[in-house]
Each structure stands twice: as structure tokens, then as C-alpha cells.
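# Fold and contact review
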Amino acid sequence: MSRSRRPAQDPAHDADDAADEPAHDDPAARRDRHVPQATARPAERALLAAWLEQKDERALRDDPLEELAALADTAGCEVLEQRTVQRRDRPDGATLLGKGTVERLGQLVKDERAQVVIFDNDLAPAQRRNLEKALETKVIDRTELILDIFAQHARTTQARLQVELAQLEYSLPRLRGLWTHLDTGVGRRAAGEKQIEVDKRLVRTRIQEIRRELEQVRARKERQVAGRAAYTVAIVGYTNAGKSTLMNRLTEAGVYVADQLFATLDTRTKPWTVGPNRVVLLSDTVGFIRHLPHHLVESFHATLEEVVTADLLLHVIDASDPDALAHVEAVREVLGQLGASDKPELIALNKVDRVAEPELLPYLERRLLRTLRVSARTGEGIEALRAAVNEQAAAREGRWSISLDVREGAAIAWLDGRAEVLARTLDGERLRYDARLSEQVLAGLHSKVRDRAGLEVTPLPPLPMPEGVTTPVVAPPPEPAPVR
Ligand SMILES: Nc1nc2c(ncn2[C@@H]2O[C@H](COP(=O)(O)OP(=O)(O)OP(=O)(O)O)[C@@H](O)[C@H]2O)c(=O)[nH]1
Ligand SMILES: [Mg+2]
């Protein structure tokens, strides 16, 4: 399971995370080391299986495991068509699926010559062992599959460390099964047990080591982010929603874009001019997914620093996906885990160029607050999005009346270049401005004037906040989704 389908080199790999690489490193060697090696192994033939809760609506779909299939495909598997889905109140404690279903799946494995069975659920270590025994083939669960994709796509030292940490945390309680072969035969039990203890100690030591390294990265990143004297906007959203495409459209960042899940695993930040004299910093980062393994969310804290500290979240939704609302919920769940739930949010309903059902967009607009229709591909709606972000950023700035001597050339150039000038009048030897500007620009003005005593700054009365500056929630009244 490790056929990487990414290009061998990604020239657009992250500016920020790349800055975390050791400075003495040779860039060419570094690139080689960080590019996941595509193996010559042929794609593994994979069968998909799942236990679904009774209420899970996916069971009504043509392919209830469509997303799992996309994940398996991204991981490099040859996904076989047959699906094994069991819908019942509770999963089986020993094998997740009931006995008869496991037997049928075992037969399917033989008939289809499957090399791996991938479950959409998370499996307890014992469930997985029991299933491997019953199915006589390799079994992996949803978390492992996602970790595998992350490992393939990790390109920077930081991303690699974060994935390794998540993998180690995941494997720690599962080490037991690896050494059971030592326990066969009378009197051999102790050998396996001892080896497990040794392994656990090694893994824990490595976990501590990585945690220390990542903490240093995170602290450095925190200082870097805190030092940015600008309004910051973080693009967030479900994986494959079009976040990087939108980033490229808005800032010409040249970020890697692909029709696959978790194409982006790092963070890139670029200036974006949203209005006259108003530049915000826009960040694109890793996408989220339903049941994103919590080890990953924890270990990717350094990469997600921009989301945690952003002034505004630009939540990108693939509006052409019938599961869009479920995706919104999944994204909000991860934002909650990150402690970023209460941030102001704008919703970009992306991919409007490919929305087939006419009902879908009004449906989403009724259910979500403060939405804008856009297409990162065609550019539709981009101007309105820019204006909305400009409005939000402006609302955070103060409105000031400023008066200074006309001979203060440097200070005047500073204001003309960085403030939103609402009015500018000459009054004898004094120049008066009504202007909107950030605290940073105001601080800069104070440092630019030669005669501080001659500078007069008084606040103008505040304007009401623009409508919709809020954290939207899914509106309560239930309404059936338009069916595909
Ligand atoms: N039709 C259409 N396709 C789009 C649009 N925006 C993005 N796409 C396509 O959607 C796919 C995913 O785009 P990305 O920009 O890589 O998505 P992402 O959200 O960054 O995905 P991850 O980094 O994997 O989480 C690509 O094939 C894009 O070309 C759009 O507005 N319309
Ligand atoms: Mg991306």
C-alpha cells in the first residue's frame, strides 16, 4: 500500500514549513530525502467493508463507501467493485461484522484474489487480529489508511515528524500482535512478552523525542505567526474541496492541486490584496475529513498554527458534493478539537460551475449562514469574495482623525500607502485625514513623524459591524437533501 501518485517533485512545496528545515541542509539532497519513494510494487487489490449504524444514510447511496474508495485509490490501491456493508445496531465485539458476513467476505477475498481488506471503521487491535485470521489476508482500518496517505504525501521534515508521531501513537497499543510468533510452544510465552516491552519502550522514547522536536517547531512557528503585523485569513475545509485551487486563484501562490485526498499536508501563506491599501495574509493548509484520526489532529498542531491564530476562517465547501453539509459538520468537529470553533467564518460554496442539481445551492444557502458562491476554477464570484474579506478586515481596523504638518513627508507617504483614506483636507499648514487603519499602521505612523508633538490622532466614532460576522451554525429546521 504505498504507490505514491504525486509527481516526483513538487516545486510549490510549502514556504513556511520549509523554513523549518535546518538551514545548513543541501536543498537538492533535502528534496530527495523528503519525497516519498514510489515503490515498484503493483497496486494491491483491495476489497472494502464497513459496519454502518442503522441511521447512517450512506446505506441508501449507490456506493455507500465512495469516500473510502477515494481514500484507497489515493493510497494507491486497485479498488475492487464489491462492497461488504453490514447495517446493524451494534458492531460485533470480536470481528466487527457478524459471523455469516465475515464468512462471505472471506469467500470474496478468495474469489477476487484480494490482497487487503480495508474497513471504513476503526478496529480494536483484537478485532483486527481476528479478522486477519478469519479472512486469511491483510486487514487495515480507516485510521491506518489515512495515516498511510499522510505518510506518502508528507514532504517536509515537519510533516514527516508529525505523521511519524501519529503512526507511533496509533501503533503503541497494537504492538502485541507483532510478536505472538515467539510465543508458540511451551515455555516460549515470556519471549514475546519481553520483546513487546522492549518495543514499547523504544516507541515511547521515540515519541518523546519527536514531541520535543515538534514543540520547538511549534514555538518557532508561534513566534513567526505572532510577528505578522497583518489581518490573517486561513482557508479551511474538507479535503478536495478546492482550497489550494482557490489559494492559487487569489494569490497566484502556485500551490500543488490534485483531484485526490490530502494533496496538501503543509501550510503556505501569501499576501492577498483585498482592497486599496489593504493586504491580508492568506494561508492554505491541510484538509479535514470525517473522523480524522485524533492522533493526526494533535500531531499536526504546528502545521495548523495559522488556523488556530487566524482572524478569519474562509471555509471552502465543495458545493457540488451531495454530502456537503456532512462535510461542514466534520470540518467544524476538527475546528473544535483545535480550539478554533468560535472564530468568525465566511463560507465559500466552491465548484458552482459543476453543481448539477439546481436545488443544491439554495438548499445549502438556507442551511448555512453567510455564504458566497464561487468557482476557484472559472473565477466566478471571486470579486464578491474579495470584497467580503475586505469588509471583514476593514471592520477590525480603527477609524481615526489624523492631523499633521504638511512637511512630514515620510509620515504622509506612510499613510497614503497603507491606510484606507476616507477624507484628506489641507488646512493651512496642516493636513487632515479621516482614515481607517490597523494598529500596526498607526504604530508605524508614530515612528515616522519627526515632530511627535505636532501629530494629533483622535478616534472617529465606530461603525456597526458588517452583517454576518458570526460563527454560523447549521440552521435547525430539518429538510430532506435533494437526492442524487
Ligand atoms: N469544477 C471545479 N473543480 C474544482 C474547483 N476548485 C477545485 N477544483 C478541483 O478539485 C480538485 C481538488 O482541488 P484542490 O485545490 O487540490 O483541493 P484541496 O481542498 O486543496 O484538497 P486537499 O489539499 O487534498 O485537501 C482538483 O481536481 C481541482 O481542479 C472548481 O471551482 N470547479
Ligand atoms: Mg490542497
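Residues numbered from 1 in each chain as written. Chains lettered and ligands numbered in written order. Predicted model: local features only at pLDDT ≥ 70, side-chain atom pairs only at ≥ 80, totals over all residues. Heavy atoms only, no water.

### Focus: the packing of aromatic side chains
Scanning the entire structure with this criterion turns up two aromatic pairs. Site record: aromatic cluster; members linked through ring pairs are Phe150, Phe262 and Phe300. The lysine or arginine in question, arginine 174, covers the ring of tyrosine 170, its NZ or CZ lying 3.8 Å from the ring centre. (Phe/Tyr/Trp six-rings, centres within 6.5 Å; stacked < 30°, edge-to-face > 60°. Lys NZ or Arg CZ within 6 Å of the ring centre and 35° of its normal.)

### Thoughts on helix H12 (residues 324-338)
A rise of 1.5 Å per residue sets the reference length of H12, with its 15 residues, at 21 Å; its end C-alpha atoms lie 21 Å apart and thus fit the reference within 8%. When we look at burial in H12, the residues that qualify are Ala324, Leu325, His327, Val328, Ala330, Val331, Arg332, Val334, Leu335 and Leu338. Glycine 339 sits one or two residues past H12 and shows a positive phi near 75 degrees. (Helix = DSSP H or I, 4+ residues; strand = E, 2+ residues; numbered from the N terminus. Expected span 1.5 Å × (residues − 1). Buried < 20%, exposed > 50% of the residue type's maximum accessible area, 1.4 Å probe, protein only.)

### Topic: the confidence of the model for the protein
Looking at the protein as a whole, its pLDDT mean stands at 84, while 82% of the residues score no less than 70. Considering only residues more than four positions removed or in separate chains, one finds that residues 469-478, a stretch of pLDDT under 50, has 24 contacts. (pLDDT = per-residue confidence, 0-100. Contact = heavy atoms within 4.5 Å.)

### A closer look at the coordination of the magnesium ion (ligand 2)
At this site the magnesium ion (ligand 2) is bound by Ser244 (OG) and Thr264 (OG1), with donor distances of 2.0 to 2.1 Å. Linking serine 244 in helix H9 (residues 243-251) with threonine 264 in the loop between H9 and strand E6 (268-275), this pair joins segments that are 20 residues apart in sequence. Across the pair, exposure class does not vary: serine 244 and threonine 264 are buried alike. (Donors = N, O, S within 2.8 Å, 3.2 Å for Na, K, Ca; no water.)

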